[in-house]
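# Coordinate analysis (summary)
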Amino acid sequence: MNINQSYRSYCVYLPVIWLLLLLNISHFCCGQQLKTNIFENEQLKTKDAVFHITRTDTVLLPGKFLYLLTDSTSQLTIQDILQPNYQAAFQRHPYDFSSQTAPQHAHWVKLSFINHTDETIWLSNQNAFVHYIDFYAADSSGQYRALYQTGIMRPDSTKAFPHSNMYWFPLPARKGKLTTVYIRMEGGTVVPYRMYAGSLTTLIGQKNISDYAFGMVVGIILVMLGYHIFLIFATRASIYITYSAYLLSCLFVVPQLMGYHEVFTFFLPASYKPLLHKYFLAWHSIIYVLVICFAIHFLKLRQRLPYFFAYLLVQLVIFGVVFPALNIIGKVYFSWLFVCYQLNILLLYVTLMLVGFYLWLYKKDSMARFYTFAWVWIVIASFLYICYLNNLLPYRLIFSFAPIWGITMEILFFSLAIGNRINLMRQENLRLVAEQNIILEKKVTERTYALSQANLALQQANEELTAVNAKLEAQSHLLEELNRTKDKLFAIIGHDLRNPINSLLGLFSLLESGVIGSEEFMAFSEKLKANVERLHVTLDNLLIWANNQLWGIKAIPQRFSLHEVATENIRLLNQMAQAKNVSIHNLVPVEAHALADVEQIKLVFRNLITNAIKFTSTGGTITITASRQERHWQTDITDTGTGIPPDKLPKLFTSEFTSTSGTNKEKGTGLGLLLCKDFVEKNGGKIGANSTEGIGSTFFFTVPAAAD
């Protein structure tokens, strides 16, 4: 089959395929819209401002039950919002679905609801471009806190449901109980009040419709891109290069418009995502630069319409330089710039459509026919979608899918226009190049197939090798860790536990055999007691460490006083300190209150103070202080001991660290520091140490500060 026959088949079958796909989308959209309207009518019967959730088999629209508050300072906290004066300032939202251009300040949304069902209901924010979203709900004590802090400028890991391209939040509620949640939104292109509610199954079903439509348009773009890349090699026509570049840019712009930001993180590290959204216009303008270049090239506007060619050159500068520069410099607020950007896009689309009509109807240029039809679709779709984004049209799925069906129809007719243009030009010399085109098509197909097969085989081999290497490396790390754990455990049992017990048994044997008397035995009692105390601490650490290694220990945060915990541990260890004439000073502020697992932090204190006593010489001093570090309290335990060699400091909190004897030959296992590190990190803090040999050491750790 030659290129001309392939094009004719393409023109015959592709519209039929597109019609079936569009009918399929309409079926999904209409079916889903019918369910939404049924529930919408039921909700309008409600007289109060509480959103009653009575069913989970359809998508719910809570729009008319939202209360809105504009934070012109962007400084209000949830505690401020809960005050009566701000509660009275909330205004009820009049629409089921709406949005507004994002201003420079923040917006708060309040929703009171009663869940009459047994399922967890999720709230979906139908806009993926909000920079910062904070979701507040009351905890078990009635205090409001931010359960989720997410948004497009934050990592995807902050999403409550990471598998959605939008932002979903589970509504915390007990069946039949009135519950109120707050949402704070700031930044982005628009502030959305377009929200869905429903069970996770229902929202996933709604998402599948969008995924289906998105996958369809991306698949078609890929098919078209492949087809036109083939035509680049088959025809050597430069128009296909311009159009292929346009299709390639669509593969990045369309997913971004539809909220599928995973496309960026697939090709680029996730850390680049905030920059891509912050400088959205800088790279998004590429598609319109290519559209202008395509129009100039396809319609030969430089020769046929020089005045309009000059106008398009101005538009090239606007889209290629002005908007990107303003976006990067950041002197103009983004939402205002985005409004101008949308209006300029509509102006460009309308003028390109009118030029197409002029060349087709007035100049009788048949090549402009499909080109004009393409712009009709994209103008209609862009106009509807921009009106929908700016709350000029009501919520309809057909409006939310406008970019999909508009771009797909545009691609169809642009492809037909290019094919028709090439076909008309080719008819003049078809006899001369027919055989060469057949040979070229065959070679391109063979080379493409051979290359794809080779790449496929190489990819499979690389994947298998990577999988094997990853598995071997993981097994090697696991084996090394198990060996270190085993060696550590046996060393502790064989030496640090058995030796003190053997000494104790030997002393009792001497007493029993009469070798020593009771008075001599009492002389050893103080040292014996110190050994037993150290043995007790070692055994306690060993049991906790083994339990943590096998089963894991979870932190249960609660509010407690760091000063009181320090005092308690000083009292417990006072006898050990007095035996070495070591003084311990508690300088922790009384107002220092932490939010952490108190028992785990007690163990941290106990181990660090024990270590300080162990390595402090007779007559030394230990000082315990605490200081506020933003949202944390940092506790410092400073001693006047022997200090730690610099080469051992990096290994202190690892399994590679080997404990040394204290100033009175006290033994240790090294487990205490491992437990301290584990427990501090479980409670959201950090631990470290500074030391100078011969002067002393400071061990410090942080824990989250409790709310005042």
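Residues numbered from 1 in each chain as written. Predicted model: local features only at pLDDT ≥ 70, side-chain atom pairs only at ≥ 80, totals over all residues. Heavy atoms only, no water.

## Re the overall build of the protein chain
Tallying secondary structure elements over the protein chain gives 22 helices and 19 strands in all. A total accessible area of about 35,800 Å² is found for the protein chain, and carbon and sulfur atoms account for 61% of it. (Helix = DSSP H or I, 4+ residues; strand = E, 2+ residues; numbered from the N terminus. Areas by Shrake-Rupley, 256 points an atom, 1.4 Å probe, with all protein chains shown as cover.)

## A few points about the sheet that holds strand β18 (residues 687-692)
Read across the open sheet, the 5 strands follow the order β14-β16-β17-β19-β18; overall the sheet is mixed. Single-partner strands in this sheet number two, and they are β14 (583-586) and β18. Within the sheet, the average angular offset between the axes of one strand and its neighbour, ignoring direction, is 15°. Strand direction decides the pairing type here: strand β17 (residues 632-639) and strand β19 (residues 696-704), joined by 8 bridges, are antiparallel. Note that in β19 the partner of Q634 across the bridge is T702. (Pairing = 2+ DSSP bridges. Axes fitted to C-alpha atoms, helices over the stretch in contact; angles between N-to-C directions.)

## Focus on the environment of F135
Within the element layout of this structure, F135 appears in strand β7 (residues 132-138). Relative accessible area serves as the criterion here: at 0%, F135 is assigned to the buried category. Separated by 15 residues in sequence, F135 and T150 place their C-alpha atoms 8.3 Å apart. Once residues within four sequence positions are removed from consideration, F135 is found in contact with R145, A146, L147, Y148, F169, P170, L171, P172, V181, Y182 and I183. (Buried < 20%, exposed > 50% of the residue type's maximum accessible area, 1.4 Å probe, protein only. Contact = heavy atoms within 4.5 Å.)

## Points about the pairing of strand β12 (residues 195-199)
Counting buried positions along β12 yields 5 of 5 residues, so the element is predominantly enclosed. Bridge count between strand β6 (residues 121-125) and β12: 5 bridges; the pairing is antiparallel. What sits directly across from S124, in β12, is Y196.

## Observations concerning the side chain of S697
Along the polypeptide, S697 turns up in strand β19. We classify S697 as buried; its relative accessible area is 5%. Side chain to side chain, S697 and S691 meet in a polar contact 2.7 Å long. What S697 contacts, discounting residues up to four positions off in sequence, is I637, T638, D639, G643, I644, N690 and S691. (Polar contact = N/O pair within 3.5 Å; in protein donor to acceptor, adjacent residues only side chain to side chain.)

## Some details on unusual backbone geometry
The phi angle at S74 is positive, at roughly 60°, despite the residue not being glycine. Along the polypeptide, S74 turns up in the loop between β2 (66-71) and α2 (78-81). Residue classification places S74 among the buried positions, given a relative accessible area of 17%. The phi dihedral of E630 falls on the positive side, at around 55°, and the residue is not glycine.

## Quick look at a nonpolar patch on the surface
Residues V317, V321, V322, L326, V332 and W336 make up a contiguous nonpolar surface patch of roughly 500 Å² in combined accessible area. Sorting elements by how many residues they give to the nonpolar patch places helix α11 (residues 306-329) first, with 4 residues. Tracing the backbone through its elements, the reader meets V317 in helix α11. You can call V317 partly exposed: its relative accessible area is 45%. (Patch = residues over 30% accessible without salt bridge, like charges linked within 9 Å, V, L, I, M, F, W, Y side chains within 5 Å. Salt bridge = Lys/Arg side-chain N within 4 Å of Asp/Glu carboxyl O.)

## Topic: the confidence of the model for the protein chain
Averaged over every residue, the pLDDT of the protein chain is 78; residues scoring 70 or more account for 77%. Counted against residues more than four places away or in other chains, residues 1-47, with its pLDDT under 50, gives 72 contacts. (pLDDT = per-residue confidence, 0-100.)

## Here's the deal with the nonpolar core
Judged by nonpolar contacts, the single largest core of 95 residues is most densely connected at Y246, L301, L352, Y371 and W375. When near neighbours in sequence (up to four residues on either side) are disregarded, Y371 contacts F294, A295, F298, L299, L352, G356, F414 and A417. Formed by 42 residues, the second largest nonpolar core is a distinct cluster that contains V582, A594, L603 and I609. (Core = buried A, V, L, I, M, F, W, Y, C linked by side-chain atoms within 4.5 Å.)

## So, helix α4 (residues 200-235)
Its 36 residues give α4 an end-to-end C-alpha distance of 51 Å, which sits within 8% of 52 Å, the value for a rise of 1.5 Å per residue. Downstream of α4 by a residue or two, R236 has a phi angle that is positive, lying close to 60°. (Expected span 1.5 Å × (residues − 1).)

## Brief notes about the packing of helix α5 (residues 238-257) against helix α9 (residues 286-299)
Each pair of packed helices can be summarised by the angle the axes make with each other and by the distance between the axes. Here α5 crosses α9 at 160°, and the two axes come no closer than 9 Å. On the basis of the axis angle, α5 is roughly antiparallel to α9. Handedness of the α5/α9 crossing: left-handed. Across from S238, I239, T242, Y243, A245, Y246, S249, C250 and V253 in α5, the residues of α9 making contact are I287, L290, V291, C293, F294, H297 and F298. In the contact of α5 with α9, the residues fall into 12 nonpolar, 4 polar and no charged. (Parallel < 35°, antiparallel > 145°, perpendicular 65-115°, else oblique. Left-handed = near helix turned anticlockwise from the far one by under 90°. Nonpolar A, V, L, I, M, F, W, Y, C, P; charged D, E, K, R; others polar.)

## Concerning the pattern of salt bridges
Between side chains of opposite charge, pairing is possible as soon as their charged atoms come close. This model, assessed by the stated rule, comprises 11 salt bridges. The shortest N-O distance in the salt bridge between D211 and K207 comes to 2.6 Å. With D211 and K207 both in helix α4 and 4 residues apart, this pair spans about one turn of that helix. Residue classification places K207 among the buried positions, given a relative accessible area of 17%. Between K682 and D678 there is a salt bridge, and its shortest N-O distance comes to 4.0 Å. Remark: D678 and K682 occur in helix α22 (residues 671-682); sequence separation between them is 4 residues, near one turn of the helix.

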